[in-house]
Amino acid sequence: MAIIRDDQLDIISHSPEQTVRLGARLGKLLVPGDIICLSGEMGAGKTVFASGVGQGWGTLNTVTSPTFTVVHQHRRKGDSQRLHHLDLYRIQNETEVDSIGWEDILDDNGPVILEWPEHIRDAIPTQHLWIAIRVIEVTRRNLLMEGVGKRYTHLLNQFREQTFGV
Ligand SMILES: Nc1ncnc2c1ncn2[C@@H]1O[C@H](COP(=O)(O)OP(=O)(O)OP(=O)(O)O)[C@@H](O)[C@H]1O
Ligand SMILES: [Mg+2]
């Protein structure tokens, strides 16, 4: 892990399992309204990370690739929150995302995870956590996490402390 700036975290994951564990650490910290953007090419590991987020948050069912449905919503025991997981690969722009109820998702009581967030860049709330995943080798990935806004620099600091103890 490298600490470049207070609002950034640069991590290497050495396996899918490690990426899941990192996601789970983050998932435990999420609160309603949190926006998590997962960018990266096909097969980078966005869904692998999202499945970890789901585990940590406590979804009753496993978070999988929502390729054909765009939106997957998950519940957990103990509260009425919903975790929204969107795959925007097939969504071309901000206008199209309206047709899948984007405003309702933002208004809903739960965190939101986005794959291919760059497809709707202008529709994403200005404050968010942006995670760029990059393939280094067959099983190695670089995760560059950036917190934009006060909530997300705080979230990133919490994540850093709980994952790396610093
Ligand atoms: N360190 C790693 N972290 C995450 N995934 C890894 C890692 N090493 C290898 N992989 C593999 O890379 C693939 C990542 O697939 P995944 O479905 O998460 O990609 P994606 O970014 O969601 O792609 P898409 O844009 O098609 O949705 C999986 O097959 C996974 O096993
Ligand atoms: Mg995916």
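Computed from a predicted model, the values in this text were never measured in an experiment. Throughout, a residue's number is its position along its own chain's written sequence, starting from 1. Working convention: letters from A go to chains and numbers from 1 go to ligands, in the order in which they are written. For a predicted model such as this one, the threshold for reporting local features is a pLDDT of at least 70, and the threshold for listing and counting side-chain atom pairs is 80 or more; totals across whole chains, interfaces and linings nevertheless cover every residue. Computation of side-chain values: all heavy atoms of the structure, hydrogens and water removed.

Student: With reference to specific residues and values, describe the site of ligand 1.
Tutor: A molecule or strand has a residue near it when one of that residue's heavy atoms lies within 4 Å. Around ligand 1 sit 18 residues in total, of which Thr19, Gly43, Lys46, Thr47 and Val48 are the nearest. Take Ser15: an N or O atom from its main chain is 3.1 Å from a nitrogen atom of ligand 1. Contacts described as polar in this section are N or O atom pairs within 3.5 Å, which, within protein, must combine one atom able to donate a hydrogen with one able to accept it, while residues neighboring in sequence count only if both atoms come from side chains. A distance of 3.0 Å is found between a nitrogen atom of ligand 1 and a backbone nitrogen or oxygen belonging to Thr139. Contact with the protein chains covers 76% of the free accessible surface of ligand 1, which is 640 Å². We count a stretch as a helix when DSSP gives it H or I for four or more residues in a row; a strand needs E for two or more, and each element gets its number in order from the N terminus. Contributions of two or more residues to the shell around ligand 1 are made by α1 (16–27) and α2 (46–57). The class makeup of the residues in the shell around ligand 1 is six nonpolar, seven polar and five charged. Working definition of accessibility: Shrake-Rupley area with a 1.4 Å probe, residue cover restricted to the visible protein chains. Residue polarity is assigned by list, with Asp, Glu, Lys and Arg as charged and Ala, Val, Leu, Ile, Met, Phe, Trp, Tyr, Cys and Pro as nonpolar; anything else, Gly included, falls into the polar class.

Student: Describe α2, with residues and values.
Tutor: When the terminal C-alpha atoms of α2 are compared, their 16 Å separation across twelve residues agrees well with the 16 Å that a helix rising 1.5 Å per residue should span. The element α2 is largely enclosed, with a buried count of nine among its twelve residues. For every residue, the accessible area obtained with a 1.4 Å probe (protein chains only) is divided by the maximum for its type, and the residue is called buried under 20%, exposed over 50%, and partly exposed between those limits. When α2 is considered as a whole, its buried residues turn out to be Lys46, Phe49, Ala50, Ser51, Gly52, Val53, Gly54, Gly56 and Trp57. Once α2 ends, the next one or two residues include Gly58, with phi positive near 105°. Expected span of a helix, by definition, is 1.5 Å for each gap between consecutive residues, and there is one gap fewer than residues.

Student: Tell me about unusual backbone geometry, residues and numbers included.
Tutor: Although it is not a glycine, Trp116 sits at a positive phi angle of roughly 55°. Checked against the element boundaries, Trp116 lands in the loop between β5 (112–115) and β6 (128–137).

Student: An account of the side chain of Asn142 is requested, with residue identities and associated values reported.
Tutor: Tracing the backbone shows Asn142 in strand β7 (residues 140–148). Separated by 3.2 Å, the side chain of Asn142 and the backbone oxygen of Ile11 make a polar contact. Note on definitions: a residue-residue contact is assigned when non-hydrogen atoms from the two residues lie within 4.5 Å. Sequence-distant contacts of Asn142, that is, excluding residues within four places in its chain, are made with Asp10, Ile11, Ile12, Ala132, Ile133, Arg134 and Ile136.

Student: Quick rundown of the environment of Pro16? Include the residues and the values.
Tutor: Mapped onto the fold, Pro16 is located in helix α1. Sequence separation between Pro16 and Trp57 is 41 residues, and the spatial gap between their C-alpha atoms is 18 Å.

Student: Lay out the coordination of the magnesium ion (ligand 2) in plain terms, naming residues and giving numbers.
Tutor: A donor here means an N, O or S atom no more than 2.8 Å from the metal, or no more than 3.2 Å when the metal is Na, K or Ca. Since water is not included, a site may seem to lack partners. In the first shell of the magnesium ion (ligand 2), the protein supplies Thr47 (OG1) and Glu115 (OE), at 2.1 to 2.2 Å from the metal. In this pair, Thr47 is assigned in helix α2 and Glu115 in strand β5, connecting sequence segments 68 residues apart.

Student: Go over the pattern of salt bridges with me, naming the residues and quoting the values.
Tutor: Note on definitions: salt bridges are taken to be side-chain nitrogens of Lys or Arg within 4 Å of carboxyl oxygens of Asp or Glu. Within the structure shown, the criterion is met by seven salt bridges. Close ionic contact of Arg5 with Glu146 constitutes a salt bridge, the shortest N to O distance being 3.5 Å. Of the two residues, Arg5 is situated in the segment before β1 (8–13) and Glu146 in strand β7; the sequence distance between them amounts to 141 residues. With a relative accessible area of 28%, Glu146 lands in the partly exposed category. Among the ionic pairs, Asp34 bridges to Arg151, the shortest N-O distance being 2.7 Å.

Student: Quick one: what's the story with a nonpolar patch on the surface, residue by residue and with numbers?
Tutor: By definition, no residue in a patch forms a salt bridge, and every one has over 30% relative accessible area; like charges are joined within 9 Å, nonpolar side chains (Val, Leu, Ile, Met, Phe, Trp, Tyr) within 5 Å. The grouping of Met1, Phe164 and Val166 at the surface amounts to a nonpolar patch, some 260 Å² of accessible area in total. Note that Met1 resides in the segment before β1.

Student: Which residues make up the packing of aromatic side chains, and what values do they have?
Tutor: Two rings from Phe, Tyr or Trp (for Trp, the six-membered ring) form a pair when their centres are within 6.5 Å of each other. A pair whose planes differ by under 30 degrees is stacked, one over 60 is edge-to-face, and the rest are tilted. Across all of its chains, the model carries one aromatic pair by this definition. With 5.1 Å between their ring centres and 55° between their planes, Tyr89 and Trp116 make a pair best called tilted. With Tyr89 in the loop between β4 (82–87) and α3 (94–98) and Trp116 in the loop between β5 and β6, this pair connects stretches of sequence that are 27 residues apart. Exposure remark for Trp116: the relative accessible area of 15% places this residue in the buried category.

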